[in-house]
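Chain by chain, the residues run as shown.
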Amino acid sequence: MTRQSHYEESLAEYSDHLGAIALLKRFRPYLEMIPSMRRPSESVITIPLPIIRIRDAAPAVSATEISIAAGQVVRLPCDVSILMCDPEWKIKTGVEIFVFIHRPQEDFSELLGRWRQTQLWLDKGYEWLMPPRHRHVLSEEADETHPLFVTFPETPERIRRGLRGASLPYVTESVYSAEEEQSESLESLANDE
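The following paragraphs examine the structure supplied in this document. (Residues numbered from 1 in each chain as written. Predicted model: local features only at pLDDT ≥ 70, side-chain atom pairs only at ≥ 80, totals over all residues. Heavy atoms only, no water.)

## Quick word on the sheet that holds strand β5 (residues 91-101)
Right, on to step 1. A sheet is described by the order of its strands in space; here five strands give the open sequence β1-β4-β5-β7-β8, paired in mixed fashion. The outermost strands of the open sheet, each flanked by one partner alone, are β1 (44-48) and β8 (170-172). The mean angle between the axes of side-by-side strands here comes to 25°, regardless of whether they run parallel or antiparallel.
Right, on to step 2. Packing of helix α2 (residues 17-24) onto the sheet brings it into contact with β1, β4 (80-86), β5, β7 (144-151) and β8, and relative to β1 it is tilted by some 100°. (Pairing = 2+ DSSP bridges. Helix = DSSP H or I, 4+ residues; strand = E, 2+ residues; numbered from the N terminus. Axes fitted to C-alpha atoms, helices over the stretch in contact; angles between N-to-C directions. Contact = heavy atoms within 4.5 Å.)

Shown next, in the form of structure tokens:
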């Protein structure tokens, strides 16, 4: 079973542009979308737990959906958004990658449902609420949106099987938090005595 510390460690890692680029190296087609590898800090903008402003109203279709008013701010159900930016012109390119990290207790339908909900909200027209460092970047919606799912060795195989069946890209990450490494060191010291 996925540990909360694995999720948190991954979220913290991918929140930085270098961590996001390391993730994209695991799925080459997305790595090739980065405008300039010589200027990664200006080419990749990461937004953890991203927020967008919806342009068009989205009425609820069923009792389980919520209605969204035009201009309303919504937190996307993805974990990190990776926006590509032209380092010369300081403008966002038309490519956005949405990272979905497998959460503890989350099954396939919930993980896939977060991507589907993201697709629905993005379809209403949107603009980004950019982090302070990138407020100068034009934050209009993208021409292309792509998901990337992150699973762990402890993630149930049915989730990876479901992602393969839905033709959705994923990587499997082995993550160890500082607490786990310290715990393992203490256990090995105890065993040596």
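There is more to say after this.
## A closer look at unusual backbone geometry
Right, on to step 1. In this model, Leu49 sits at a positive phi of 45°, which is unusual for a non-glycine residue.
Right, on to step 2. Within the element layout of this structure, Leu49 appears in the loop between β1 and β2 (51-54).
Right, on to step 3. On the basis of relative accessibility, which here comes to 35%, the residue Leu49 falls in the partly exposed class.
Right, on to step 4. The backbone of Ser167 shows a phi angle near 55°, a positive value even though the residue is not glycine.
Right, on to step 5. By secondary structure assignment, the location of Ser167 is in the loop between α6 (157-165) and β8. (Buried < 20%, exposed > 50% of the residue type's maximum accessible area, 1.4 Å probe, protein only.)

## A short note on α6
In an α-helix, one full turn covers 3.6 residues, which means residues spaced three or four apart are oriented alike.
Right, on to step 1. Those residues of α6 that fall on the buried side of the exposure criterion are Ile159, Arg160, Gly162 and Leu163. Along α6, the residues classed as buried sweep out an arc of 160° about the axis, all on the same side. Opposite its buried face, α6 presents the exposed residues Arg161 and Gly165, each directed more than 90 degrees away.
Right, on to step 2. On the buried face of α6, the contacting elements are α5 (108-122), β7 and β8.
Right, on to step 3. Just downstream of α6 lies Ser167, where phi reads positive at about 55°. (Arc of directions from axis to C-beta.)

## A word on the nonpolar core
Right, on to step 1. Residues Ile52, Leu76, Phe98 and Trp128 are the most contacted members of the largest nonpolar core, which totals 25 residues.
Right, on to step 2. Counting only elements with at least two residues in this core, the list comes to β1, β2, β4, β5, α5, β6 (126-128) and α6.
Right, on to step 3. Considering each element in turn, this core owes the most residues, five residues, to α5.
Right, on to step 4. Dropping the residues within four chain positions of it, Phe98 is found in contact with Leu76, Cys78, Val80, Ser81, Trp115, Thr118, Leu122, Trp128, Thr145, His146, Pro147 and Leu148.
Right, on to step 5. Counting 23 residues, the second-largest nonpolar core is a separate cluster that includes Tyr7, Ala20, Val99 and Val150. (Core = buried A, V, L, I, M, F, W, Y, C linked by side-chain atoms within 4.5 Å.)

## Observations regarding a nonpolar patch on the surface
Right, on to step 1. Residues Ile51, Val73 and Leu129 make up a contiguous nonpolar surface patch of about 190 Å² in total accessible area.
Right, on to step 2. Residue placement: Leu129 occurs in the loop between β6 and β7.
Right, on to step 3. With a relative accessible area of 30%, Leu129 lands in the partly exposed category. (Patch = residues over 30% accessible without salt bridge, like charges linked within 9 Å, V, L, I, M, F, W, Y side chains within 5 Å. Areas by Shrake-Rupley, 256 points an atom, 1.4 Å probe, with all protein chains shown as cover. Salt bridge = Lys/Arg side-chain N within 4 Å of Asp/Glu carboxyl O.)

## Focus: the pairing of β2
For a regular strand, the rule is simple: side chains alternate between the two faces of the sheet.
Right, on to step 1. The alternating pattern of β2 places Ile52 and Ile54 on a buried face and Ile51 and Arg53 on a face that is not buried.
Right, on to step 2. Two strands pair when backbone bridges link them, and β2 and β6 are joined in this way by three bridges, in the antiparallel orientation. Bridge pairing in β6 places Ile52 opposite Trp128.

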